[in-house]
Amino acid sequence: HRDLHSFPTRRSSDLQTHCQYCFDVLVNKLNNKPLPEYPKTLIDCEVPLFVTWKKNGTLRGCIGTFSPARLSKLLPEYAITSSMRDPRFPPVKQD
């Protein structure tokens, strides 16, 4: 069990880069292209992780874990799972 203060501090630029990376992962998956590499500008650490998709401000998909896991491994996996396998919603498709 880790104290929340032991996790790395999040910068707003990191959050934007993580969001863009998740979007790029989803677009590549929808286009049957290889997934992009985890951005080298981001810290690759073990943290609790949730990926949430919203459409027009409304929940569209969400999955995560409270158990710390490596960002570079789980972020692309959860970007796909939360957008395509959340049982509460139909899978995301290209418009």
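Preceding block: the structure.
Quick look at the structure, then. (Residues numbered from 1 in each chain as written. Predicted model: local features only at pLDDT ≥ 70, side-chain atom pairs only at ≥ 80, totals over all residues. Heavy atoms only, no water.)

1. A look at the side chain of R60
Here is step 1 of the chain: The residue R60 is located in strand β2 (residues 58–70) in this model.
Here is step 2 of the chain: Of the buried charged residues, R60 lacks a salt bridge, with D86 as the closest side chain of opposite charge at 6.8 Å.
Here is step 3 of the chain: Within the structure, R60 has its side chain in polar contact with the backbone oxygen of P90 (distance 2.3 Å).
Here is step 4 of the chain: If near-sequence neighbours (up to four positions away) are discounted, R60 is found in contact with W53, K54, K55, S82, S83, F89, P90, P91 and V92. (Helix = DSSP H or I, 4+ residues; strand = E, 2+ residues; numbered from the N terminus. Buried < 20%, exposed > 50% of the residue type's maximum accessible area, 1.4 Å probe, protein only. Lys, Arg positive; Asp, Glu negative; His and termini not counted. Salt bridge = Lys/Arg side-chain N within 4 Å of Asp/Glu carboxyl O. Polar contact = N/O pair within 3.5 Å; in protein donor to acceptor, adjacent residues only side chain to side chain. Contact = heavy atoms within 4.5 Å.)

2. A short note on the pattern of salt bridges
Opposite charge on two side chains allows them to pair when their charged atoms are near.
Here is step 1 of the chain: On inspection of all chains with the given rule, the structure shows four salt bridges.
Here is step 2 of the chain: The partner of E37 in a salt bridge is K40, with the nearest N and O atoms 3.3 Å apart.
Here is step 3 of the chain: Where E77 meets K73, a salt bridge forms, and the shortest distance between an N and an O atom there is 3.7 Å. With a gap of four residues between them, E77 and K73 both fall in helix α2 (residues 71–84), about one helical turn apart.
Here is step 4 of the chain: When its relative accessible area of 38% is taken as the criterion, E77 is described as partly exposed.
Here is step 5 of the chain: Using a relative accessible area of 55% as the deciding quantity, one classes K73 as exposed.

Honestly, it's all geometry; don't read function into it.
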